[in-house]
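# Structural characterization, general
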Amino acid sequence: MSIETIQCRLMANEEVLRHVWELMAEKNTLLINEIFHRLKEYPNFEQWFEKGQVPDSFIEELCQSLKKQEPFAGQPGRFYTSAETMVKEVYKSWFALQKKRKRKLDGKKRYLAMLRSDIELQKESNCSLESIRAKANDILVEVREKFDKTEKDKPQKKEIKNKKNNKKSINNTLFSVLFDIYDKTEDILSKCALAYLLKNQCNITNEDENEDKYNLYRRRKEIEIERLTDQLKSKRPNGRDLNSNTFFETLEIISNSFTVDENEFKSWQANLLKTPSNLPYPVDYETNEDLTWLFNTEERIYVSFTALGDKRENSRQVDKHKFEVWCDKRHLHFFKRFVEDINVKKQGDKKNSQKQYSAGLLTFRSGRIIWKEGKKGYKKHSKKDEPWNINHLELHCTFDTRLWTKEGTEIVRLEKINAANKTIYNRQQRGELSETQQRKLEHKISERTKLENTFPGRPCKPIYQGKSHILVGVSLGLEKPATVAVFDAANNKVITYRSTKQLLGDNYNLLNRQRQQKQRLAHQRHKAQKQFAPNNFGESELGQYVDRLLSKEIVASLFQRSFANAKTYSAGSIVVPKLSDMREVIQSEVQAKAEKKILGYIEGQKKYAKEYRKSIHNWSYGRLIENIQSQAAKAGIMLETGQQPTRGSPQEQAKDLALFSYQCRIA
């Protein structure tokens, strides 16, 4: 399933905008902040931290108890549900981040406990360095033999994949094996030999160890541990401070007291320099029946939200909570489809009608209302600079791209029918059901009946059928963000290559402009940091625009004059690298560039690599892959992920990426 998101601006009179702002800022955001505050003060929080999650039932019960109190009472039911979802998502990501940090910290502490200089190893083992190296060589030979034998005994896909991997990837695996052996070994000499290997990245060197470099290396590891330890002590989620209370409280503390230590000073400095979030939390409408789309007499599109007005208001007053949809012209047809679907469903839901439609086949799936920061004085008729006049109210809409066409709708309809049949069968097999279970069963049967009817008038578009043996490999890099290789696996040959310059064509100058912009902002940020000034400079969406151009050209060529695209070659899938491998890919590219430019001078290579990173700057590879995934889903092309090699040219990496993915698939 491919879910796309589009956005529009919601326009209404000042009274309606004020009402929505007060609900979201003065009630919903305060409710979320209160839940955060109570959770972090709860006695069982440390137990939750060990388990890595807060029980969903506890958050729901806490929200239920608060919704009856002031100032949290009087919100629509969807707002309370959205608040619960927001807290759950925030804590889920926070726990995942803390778990990752703790895993890194444990690994670095384990490594530091093993790390010793050559002199310390000699003293501990009562042996010469030559003896330690000889023992290390014996261990390394023995482990490599076992490692190679294990790899040969593995399935073919693993054998082929590892055969092409670079030496550093193999050493990473050996590093883990040697560390496990180190923990289990009791012999002093063997333990020192393993420590020697682990310290030198599974290699044996004949050069004498430089004591200053070793001390610097050890200190660097200690600093990494200290930083991770501080990060693990990071504050628990606090919510959004809409009124800048933290800033004024810190300012008052500074005015009336002196700092005790450096950590307290850093805490004060962070509170003063932190840019406060002046916008309330968004509100999610997770079901498509909570929104009503309609045309007015002038064929303008409007949308209204369930229970957004006060329940005490009569229907005429509630009708005023409609919002006019302002959107980009290229998105207009999506919103027109939302209105058409609602009209068709309403006609089918009339009494005595035999043709009712399921909400599961509506193109629109869910929405989110969110305030976006605007400029003062944007509304010329506004007399006051109130937040609901300064900021813009937006609606982010998600829809299933498969439901856009008749063929795609049929696929979704059959999937939902099969799922409904399975659920109905399982519940009927339980025997006696409670009143609630019986009501859910009747609802599911009704939904199953409605799925027999499909929405009329949707355009026909043949489902794309690609050749499974033709793959489009996309390698990512630092200097060249994307390089494409169309690979025919059946004949083991590359049909064509496309570089970043060929993909962008006349828009290639935008890439250089975006890099210059990032360099300029990085320089300004550095100057601001030196002056302890706010350094949160916003960036334009130029990088995202370039990503869209690249992804669109990878899937469907914009320039038909010189080469064909994935559809022309009937490619069955597009292969993109795993993001977890990108750090190693970029580092290898920078190192290779430095070694080629400066021969033999290590310090010069490091300096050149640093300057090279500044000039090229990192690319947002996650955003680029998301755009490729979106474009591939629209065209009906499957997306695969694989491990990108760190050696070779971008063209070779793209080819090998496609080859490895195909070999892993057939093995």
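The numbering scheme is per chain: residues are counted from 1 as the chain's sequence reads. pLDDT decides what is reported in this predicted model: residues at 70 or higher carry local features, side-chain atom pairs at 80 or more are listed and counted, and totals for whole chains, interfaces and linings draw on all residues regardless. Heavy atoms throughout the structure, all of them, feed into the side-chain values; hydrogens and water do not.

Let's shift gears to the overall build of the protein. Helix and strand counts for the protein stand at 24 helices and twelve strands. Summary of the burial criterion: residues with accessible area below 20% of their type's maximum are buried, those above 50% are exposed, and those between are partly exposed, where the area comes from a 1.4 Å probe applied to protein chains only. The buried share of the protein, reckoned over its 667 residues, is 41%. Partitioning the intrachain contacts of the protein with sequence separation of at least 6 by distance along the chain shows that 72% fall at a separation of at least 24. Here the Shrake-Rupley method, with its probe set to 1.4 Å, supplies the accessible areas, and only the displayed protein chains count as covering residues. Carbon together with sulfur atoms contributes 48% to the accessible area of the protein, which is approximately 39000 Å² in total. Runs of H or I in DSSP of at least four residues are treated as helices and runs of E of at least two as strands, each being numbered from the N terminus. Pairs of residues are marked as contacts when any of their non-hydrogen atoms sit within 4.5 Å.

Attention now goes to the sheet that holds strand 4 (residues 301-305). At least two DSSP bridges between two strands are needed for those strands to be called paired. Strands sit in the order 2-6-7-1-5-4-3 across an open sheet of seven strands; the sheet is antiparallel. The two strands at the open ends of the sheet, each matched to only one other strand, are strand 2 (283-285) and strand 3 (291-295). Shown here is a sheet whose adjacent strand axes are inclined to one another by a mean of 35°, direction ignored. Strand direction decides the pairing type here: strand 4 and strand 5 (residues 322-326), joined by three bridges, are antiparallel. Each bridged residue has a counterpart across the sheet, and for Tyr302 the counterpart in strand 5 is Glu324. In this analysis an axis means a line fitted to C-alpha atoms, helices contributing only their contacting stretch, and an angle means the value between N-to-C directions, from 0 to 180 degrees. Running at roughly 85° to strand 6 (residues 364-372), helix 1 (residues 14-40) makes contact with strand 1 (3-11), strand 2, strand 5, strand 6 and strand 7 (392-400) of the sheet.

Attention now goes to the pairing of strand 9 (residues 483-488). Each regular strand carries side chains that alternate between the two faces of the sheet. Here strand 9 lies mainly inside the structure; six of its six residues are buried. Covered by surrounding structure in strand 9 are Thr483, Ala485 and Phe487 together with Val484, Val486 and Asp488, the residues of both alternating faces. Bridge count between strand 8 (residues 467-475) and strand 9: six bridges; the pairing is antiparallel. The partner of Val474 across the bridge, within strand 9, is Val484. Note: strand 9 against strand 10 (residues 493-498), five bridges, orientation antiparallel. Following the sheet pairing, Ala485 is matched in strand 10 by Tyr497. Taken together, strand 9 and the strand that follows it, strand 10, pair antiparallel across an intervening segment of four residues, in which Asn492 is found at a positive phi of about 55°.

Mean pLDDT over the protein stands at 81; residues scoring 70 or higher make up 86%. Within the model, pLDDT remains below 50 along residues 155-171, and this stretch shows 24 contacts once partners closer than five positions in the same chain are excluded. Below a pLDDT of 50 lies the segment residues 310-319, which in the model reaches four contacts outside its immediate sequence neighbourhood of four places, other chains included. Per-residue confidence from the predictor is reported as pLDDT, which spans 0 to 100.

Attention now goes to the packing of aromatic side chains. Put simply, two rings from Phe, Tyr or Trp (the six-membered ring, in Trp's case) pair if the centres are within 6.5 Å, and we call them stacked under 30 degrees between planes, edge-to-face over 60, tilted for the rest. Inspection of the entire model under this criterion finds 27 aromatic pairs. Ring centres of Phe334 and Phe399 lie 4.7 Å apart, and the angle between their planes is 35°; on these two criteria the pair is classed as tilted. Within this pair, whereas Phe334 is found in helix 14 (residues 332-348), its partner Phe399 is found in strand 7, the two being separated by 65 residues in sequence. Since its relative accessible area comes to 14%, Phe334 is described here as buried. Accessibility expressed as a relative area gives 3% for Phe399, which makes it buried. Through a chain of ring-to-ring contacts, three or more aromatic side chains come together here, namely Phe36, Tyr42, Phe45, Trp48, Phe49, Phe58, Tyr91, Trp94 and Phe95. Criterion for a charge above a ring: Lys NZ or Arg CZ within 6 Å of the ring centre, and within 35 degrees of the ring normal. Note that Lys67 overlies the ring of Tyr80, its terminal NZ or CZ placed 4.6 Å from the centroid. Positioned above the aromatic ring of Trp404, the side-chain terminus of Arg337 is 4.0 Å from the ring centre.

This part is about the pairing of strand 3. Pairing between strand 3 and strand 4: five bridges, direction antiparallel. Bridge pairing in strand 4 places Thr292 opposite Ser304. The turn linking strand 3 back onto strand 4 is made up of five residues, and Glu299 within it adopts a positive phi angle of 65°.

Turning to the pattern of salt bridges, a few remarks are in order. We define a salt bridge as a contact between a side-chain nitrogen of Lys or Arg and a carboxyl oxygen of Asp or Glu at a distance within 4 Å. Counted according to the given criterion, the structure contains 26 salt bridges. The salt bridge involving Glu226 is made with Arg219; its shortest N-O contact spans 3.3 Å. Its relative accessible area of 41% is what places Glu226 among the partly exposed residues. Linking Arg458 and Asp341 is a salt bridge whose minimum nitrogen-to-oxygen distance equals 3.0 Å. You can see Arg458 sitting in the loop between helix 17 (435-450) and strand 8 and its partner Asp341 sitting in helix 14, a full 117 residues away along the chain. Both residues of the pair, Arg458 and Asp341, count as buried. Salt bridges here are not isolated pairs; linked through shared partners, they connect Arg218, Arg219, Glu222 and Glu226.

Packed helices, taken two at a time, are described by the angle between their axes plus the distance between the axes. Packing of helix 19 (residues 509-530) against helix 20 (residues 542-555) leaves a shortest axis separation of 9 Å and a crossing angle of 150°. Looking at the two axes, helix 19 sits roughly antiparallel to helix 20. Here the hand of the crossing between helix 19 and helix 20 comes out left-handed. Taken together, the residues of helix 20 that come into contact with helix 19 (itself represented by Leu510, Arg513 and Gln514) are Leu542, Gly543, Tyr545, Val546 and Leu549. Looking at the contact of helix 19 with helix 20, its residues break down into five nonpolar, two polar and one charged. Each angle receives one of four descriptions, namely roughly parallel if under 35 degrees, roughly antiparallel if over 145, roughly perpendicular if within 65 to 115, and oblique otherwise. Definitions for this section: a left-handed crossing has its near helix turned counterclockwise from the far helix by less than a right angle. A right-handed crossing has that turn clockwise. Under this grouping Gly is polar, as are all residues other than the nonpolar Ala, Val, Leu, Ile, Met, Phe, Trp, Tyr, Cys and Pro and the charged Asp, Glu, Lys and Arg.

A helix is expected to span 1.5 Å for every residue after the first. Its 16 residues give helix 17 an end-to-end C-alpha distance of 23 Å, which sits within 8% of 22 Å, the value for a rise of 1.5 Å per residue. Looking at helix 17, one finds that the buried residues are Leu441, Glu447 and Arg448. Seen from one end, helix 17 has its buried residues packed into an arc of 125°, which puts them on one side. Structural note: helix 17 exposes Glu435 and His443 on the side pointing more than 90 degrees away from its buried face. If you follow the buried residues of helix 17, they end up packed against helix 16 (406-428). The arc in question is formed by the directions pointing from the helix axis toward the C-beta atoms.

Mapped onto the elements, Leu115 comes out in the loop between helix 4 (77-114) and helix 5 (118-125). Placed 77 residues apart in sequence, Leu115 and Cys192 show a C-alpha to C-alpha distance of 9.8 Å. Beyond its immediate sequence surroundings of up to four residues, Leu115 is in contact with Lys199, Tyr214, Tyr217 and Arg218.

Moving on to the sheet that holds strand 11 (residues 571-577). Strand order in the open sheet made by the five strands is 10-9-8-11-12, with mixed pairing throughout. Two strands in the sheet have a free side with no partner beyond their single neighbour: strand 10 and strand 12 (638-642). For this sheet, the mean angle separating the axes of adjacent strands, direction not counted, is 25°. On top of the sheet, helix 23 (residues 621-635) reaches strand 8, strand 11 and strand 12; it is set at about 170° to strand 11, its chief contact.

Cysteine sulfur atoms are paired as a disulfide whenever they come within 2.5 Å of each other. Evaluated as defined, the whole model comprises zero disulfides. No disulfide involves Cys327; its nearest neighbouring cysteine sulfur is the one of Cys8, lying 6.6 Å away.

Another aspect to go through is unusual backbone geometry. The omega angle of the peptide bond from Glu70 to Pro71 is 5°, so this bond is cis rather than trans. Structurally, the position occupied by Pro71 is in the loop between helix 3 (56-66) and helix 4. Even without being a glycine, Asn492 presents a positive backbone phi close to 55°. For Asn492, the location among the structural elements is in the loop between strand 9 and strand 10. Since its relative accessible area comes to 52%, Asn492 is described here as exposed.

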